[in-house]
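Examining the three-dimensional arrangement
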Amino acid sequence: MVMWVFGYGSLVWNPGFHYDEKVLGFIKGYKRVFDLACIDHRGTPEHPARTCTLEKDEEAICWGAAFCVRGGPEKERLAMEYLERRECEYDLKTCVDFYKEDDPLKPSVTGVIVFTSTPDKVSNKYYLGPAPLEDMARQIATANGPCGNNRDYLFLLEKAMHDIGHEEDYVIELANEVRKVLAESSMKKVTPVKEPRASRVVNKAKSNVPTAHQILPHQPEAVATTI
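Let me begin by describing the structure that accompanies this report. (Residues numbered from 1 in each chain as written. Predicted model: local features only at pLDDT ≥ 70, side-chain atom pairs only at ≥ 80, totals over all residues. Heavy atoms only, no water.)

1. Quick look at the environment of Asp 91
Note the cut-off: In DSSP terms, a helix is any run of H or I states spanning at least four residues, a strand is any run of E spanning at least two, and both are numbered starting from the N terminus. For this analysis, residues touch if any pair of their heavy atoms sits within 4.5 Å. Polar contact is the term for a pair of N or O atoms within 3.5 Å; when the atoms are in protein, one must be able to donate a hydrogen and the other to accept it, and sequence-neighboring residues count only if both atoms are side-chain atoms.
Structurally, the position occupied by Asp 91 is in the loop between α1 (73-86) and β4 (92-98). The sequence separation of Asp 91 and Tyr 126 amounts to 35 residues, and the corresponding C-alpha distance is 9.0 Å. Discounting chain neighbours no more than four positions away, the residues touching Asp 91 are Thr 116, Ser 117, Thr 118 and Asn 124. A polar side-chain atom of Asp 91 sits 2.6 Å from a polar atom in the side chain of Thr 118.

2. Examining a negative patch on the surface
As a reminder of what qualifies: To count toward a patch, a residue needs a relative accessible area above 30% and no salt bridge. Like charges then connect within 9 Å, nonpolar side chains (Val, Leu, Ile, Met, Phe, Trp, Tyr) within 5 Å. Note on areas: Shrake-Rupley, 1.4 Å probe, and residue coverage restricted to the protein chains presented here. Salt bridges are defined as contacts in which a side-chain nitrogen from Lys or Arg sits within 4 Å of a carboxyl oxygen from Asp or Glu. This count recognises Lys and Arg as positive and Asp and Glu as negative, with His and chain-terminal groups excluded. Every charge is mapped to an atom, namely NZ of Lys, CZ of Arg, CG of Asp or CD of Glu.
Taken together, the side chains of Glu 134, Glu 167, Asp 169 and Glu 173 make up a negatively charged region of the molecular surface. Examined against the element boundaries, Glu 167 turns out to sit in the loop between α3 (150-163) and α4 (169-188).

3. A few points about the nonpolar core
Where we set the bar: What makes a nonpolar core is a set of buried Ala, Val, Leu, Ile, Met, Phe, Trp, Tyr and Cys residues whose side-chain atoms join them at distances within 4.5 Å. Think of it in three bands: residues with accessible area under 20% of the maximum for their type are buried, residues over 50% are exposed, and the middle band is partly exposed, with areas taken using a 1.4 Å probe on protein chains only.
Core analysis: the biggest nonpolar cluster contains 50 residues, and Phe 6, Tyr 8, Ile 27, Phe 34, Phe 98 and Leu 154 have the highest contact counts within it. In terms of residue count, strand β3 (residues 49-70) provides more of this core than any other element does, nine residues in total. When neighbours within four sequence positions are excluded, Phe 98 is seen to be in contact with Phe 6, Val 23, Leu 24, Gly 25, Phe 26, Ile 27, Ala 66, Pro 107, Ser 108, Val 109 and Val 112.

4. Quick look at the side chain of Thr 116
Tracing the backbone shows Thr 116 in strand β5 (residues 109-116). Of note is the side chain of Thr 116, whose polar atom sits 3.2 Å from the side chain of Thr 94. Among all residues touching Thr 116, those that are not within four sequence positions of it are Tyr 8, Thr 53, Leu 54, Tyr 90, Asp 91, Leu 92 and Thr 94.

5. Here's the deal with α4
Going by this rule: Expected span of a helix, by definition, is 1.5 Å for each gap between consecutive residues, and there is one gap fewer than residues. Here the arc refers to the set of directions running from the helix axis out to each C-beta atom.
Taking 1.5 Å per residue as the helical rise, α4 with its 20 residues ought to reach 28 Å, and the 29 Å between its terminal C-alpha atoms agrees with that figure. For α4, the full list of buried residues reads Val 171, Leu 174, Ala 175, Glu 177, Val 178 and Val 181. Buried residues in α4, looked at end-on, bunch into an arc of 160°, giving them a common side. Seen from the open side of α4, the exposed residues pointing more than 90 degrees away from its buried face are Asp 169 and Met 187. Taken together, the buried residues of α4 touch β2 (21-38), α2 (133-142) and α3.

Printed below as a string of structure tokens:
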């Protein structure tokens, strides 16, 4: 018996289970979207993270990695139990054809399992649906959970796609928007430097008492130097 599982999110760089073979390639008819809530890994119920799921698109392909588990029913059972716990927000398991780059027309493996989700907010409580890029970026930039923050999930996916030689414009665009949000947030947190007390301007009523500047002769300003 042999079991194949296709990973398109964190499984690409962190499978977390024992497998016998990893093959890079793609599936057809699906595109990667950040429309699924994660409330127990990279987010919380109060502030869910946005993680990958797949959306049907006849013209699309989705690059990732297929993992093969060999060794009998018990080994497959242990791997699937782990995956079902980890991918608990995904309510569907779909079987797809898997293709390799050197033969994009003929499936390399058939019957590959991929975790997907029902794109319906009523029947699937974890489905967030699409949102404007700026809104998704703000959510990803600020969500945190027991396994880390949401932005690292996105940045690691961006790196993983770069490492396998198939960068994705959608992922890059979203990652850059998150960086923009983080930069703006960092600028807001910068504490303004307080001026020395002597340089502050204090509004007072006019007085006939002469100031030190009026009494003392003019002195040339000192030039500060740095060592």
